[in-house]
There are 2 protein chains.
Amino acid sequence: MKIMSGKPYHHGDLRRVLLTAAVQALTEAGPAKLSLRDLARRAGVSHAAPVHHFRDKAGLLTAVATEGFDLLADALVAAGERTGDLLEIGVAYVRFAVDHRAYFEVMFRPELYHPADPQLLQARQRAGDSLRSGLAMLPGATTGDMPRQAGLAAWSIAHGFATLWLGGALPEEVGYDLEAAARPVLRLLFETG
Amino acid sequence: MKIMSGKPYHHGDLRRVLLTAAVQALTEAGPAKLSLRDLARRAGVSHAAPVHHFRDKAGLLTAVATEGFDLLADALVAAGERTGDLLEIGVAYVRFAVDHRAYFEVMFRPELYHPADPQLLQARQRAGDSLRSGLAMLPGATTGDMPRQAGLAAWSIAHGFATLWLGGALPEEVGYDLEAAARPVLRLLFETG
DNA sequence: CTCGCAATCTAGTCACTGACAAGTTCCTTG
DNA sequence: CAAGGAACTTGTCAGTGACTAGATTGCGAG
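Residues numbered from 1 in each chain as written. Chains lettered and ligands numbered in written order. Predicted model: local features only at pLDDT ≥ 70, side-chain atom pairs only at ≥ 80, totals over all residues. Heavy atoms only, no water.

## Brief notes about the overall build of chain A
Moving on, step 1. Counting its regular elements, chain A contains nine helices and zero strands.
Moving on, step 2. Secondary structure elements of chain A occur, N-terminal to C-terminal, as α-α-α-α-α-α-α-α-α.
Moving on, step 3. When the 193 residues of chain A are sorted by exposure, 48% land in the buried category.
Moving on, step 4. A separation of at least 24 residues holds for 69% of the contacts in chain A among residues at least 6 apart in sequence.
Moving on, step 5. Here chain A displays about 9,900 Å² of accessible surface, and carbon together with sulfur accounts for 54% of that area. (Helix = DSSP H or I, 4+ residues; strand = E, 2+ residues; numbered from the N terminus. Buried < 20%, exposed > 50% of the residue type's maximum accessible area, 1.4 Å probe, protein only. Contact = heavy atoms within 4.5 Å. Areas by Shrake-Rupley, 256 points an atom, 1.4 Å probe, with all protein chains shown as cover.)

Okay, structure coming up:
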């Protein structure tokens with residue numbers, strides 16, 4: 001505590017600061033151009049300080065991904081409770097990907113982090129559960145392989161639309177209003193499931 | 001020509017060799033760990049030789065992406081002509097993503113290459129056209145926004161499934177047979193469109 | 001109260017990378 | 001056969017991730 005005059009040797013909350021800076025940097029330039037040394041500079045510490053909080057670059061991105069999965073789980077649960085509509089959970093998924101691009105782009109690129117990290121696995125599990133729980137809202141989701149496949153289909157279409165949107169791959173005619181573009185597309189699957 | 005004894009100064013087909021090596025390296029380790037110098041070593045040339053054929057790293061990846069879009073267009077056209085079934089075009093899309101992972105992972109990450117490159121744009125356009133032409137197979141694809149949205153939905157679900165599969169994000173129960181896993185999921189959308 | 005010790009951070013270094021500059025070799029074209 | 005350009009090499013620079021050793025700090029045991 002007491003971060004007063006000059007630079008205290010102990011930063012106080014370096015881990016948090018580095019994570020925030022990482023998300024900021026990722027938003028600006030993407031994972032490829034992320035540099036630990038740059039983050040250290042932004043935080044005003046030496047270039048080797050981050051090592052203590054995250055072992056290496058992959059460790060840093062593991063923390064980013066973990067936080068991302070937690071945020072995603074929160075967002076999906078909130079959407080489910082707010083609307084009770086699977087379609088709106090899908091929209092929330094797409095919304096999350098675009099609003100939290102920095103997190104999203106790391107989360108689904110396991111070669112960037114340590115995919116076996118326990119905390120990460122737990123967060124990922126939680127996000128998956130909150131997605132699947134939305135499927136209970138589907139009518140007649142009772143037996144057989146149908147619900148599982150419907151879940152995969154729902155996840156796929158939301159994930160695919162979000163990824164294509166982020167990659168700038170969609171044609172211009174889709175416009176710039178994310179939800180207006182996504183909702184009718186998702187509805188094509190969700191209303192027939 | 002006449003690449004006979006020793007090392008000729010002019011390699012003969014360095015551009016092609018570098019591209020092949022790049023795809024190989026991408027398959028092994030992904031775009032993040034791709035190194036121009038490593039490719040040069042693999043090809044047995046100096047570390048600066050690649051610059052002459054591709055201006056910089058992004059230039060190399062532009063060429064990879066261009067080739068990828070061409071291959072994808074070929075695959076989609078072939079599937080359409082072979083089966084005349086939109087569902088099978090979707091399966092071919094997923095198949096391509098997994099079989100040509102190296103290409104696929106570059107193609108939809110425009111921050112890695114020069115997205116305004118004319119040849120790239122042309123190849124991308126061709127791939128998009130071959131996808132859209134498959135939509136003509138849909139019954140009643142005549143008026144309004146429906147066909148466009150159905151196209152986006154089809155693209156999204158195939159792209160999403162492929163991406164999730166590649167990222168290892170899908171639960172284990174999906175199994176290891178790609179088409180067996182993908183087909184029933186895609187069918188959920190394609191048969192109702 | 002104080003003292004040891006672990007957590008935190010700094011400083012220095014190494015191999016590697018992408019980009020650039022300048023020079024060398026080879027081939028083609030006039 | 002000369003000239004000029006394309007293909008390639010050598011040398012160099014700043015930036016990076018990882019590693020090591022050491023300095024500083026604050027906390028808890030006694």
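## Brief notes about the nonpolar core
Moving on, step 1. Core analysis: the biggest nonpolar cluster contains 131 residues, and Tyr93, Phe108 and Phe161 of chain A together with Tyr93, Phe108 and Phe161 of chain B have the highest contact counts within it.
Moving on, step 2. When near neighbours in sequence (up to four residues on either side) are disregarded, Phe108 of chain A contacts Phe69, Tyr93, Trp155 and His159 of chain A together with Leu164, Gly167 and Ala169 of chain B. (Core = buried A, V, L, I, M, F, W, Y, C linked by side-chain atoms within 4.5 Å.)

## Section: the interface of chain B and chain A
Moving on, step 1. Between chain B and chain A, the residue contacts involve 32 residues of the former and 32 residues of the latter.
Moving on, step 2. Both sides of the chain B and chain A interface together cover about 2,900 Å² of buried area, and 72% of this is carbon and sulfur.
Moving on, step 3. For the pair chain B and chain A, the number of links is zero salt bridges.
Moving on, step 4. Contributing elements (two or more residues each) for the side of chain B that touches chain A: helix H8 (146-166) and helix H9 (178-190) of chain B.
Moving on, step 5. If one sorts the elements of the side of chain B that touches chain A by residue count, H8 of chain B sits on top with 13 residues. (Buried area = accessible area lost by both parts, 1.4 Å probe. Salt bridge = Lys/Arg side-chain N within 4 Å of Asp/Glu carboxyl O.)

## Concerning the relation of the copies chain B and chain A
Relating the two copies of this chain is a rotation about some axis coupled with a shift parallel to it.
Moving on, step 1. Structural alignment of chain B on chain A gives an RMSD of 0.0 Å, achieved by rotating through 180 degrees and translating 0.0 Å along the axis. The transformation just described matches what one would write down for a two-fold rotation axis.
Moving on, step 2. A share of 100% of interface residues in chain B that are also interface residues in chain A marks the association as one of identical surfaces. (Least-squares fit on C-alpha atoms with pLDDT ≥ 70 in both.)

## A look at the domain arrangement of chain A
Residue and element names in this part refer to chain A.
Moving on, step 1. Taken domain by domain, chain A comprises domain 1 (1-53) and domain 2 (56-190).
Moving on, step 2. Look at where the C-alpha atoms of domain 1 and domain 2 centre, and you get two points 28 Å apart.
Moving on, step 3. Of the residues lining the interface, 11 residues belong to domain 1; the matching set on domain 2 comes to 13 residues.
Moving on, step 4. For the pair domain 1 and domain 2, the summed buried surface comes to about 1,100 Å²; carbon and sulfur atoms form 74% of the total. (Domains from an automatic or database assignment.)

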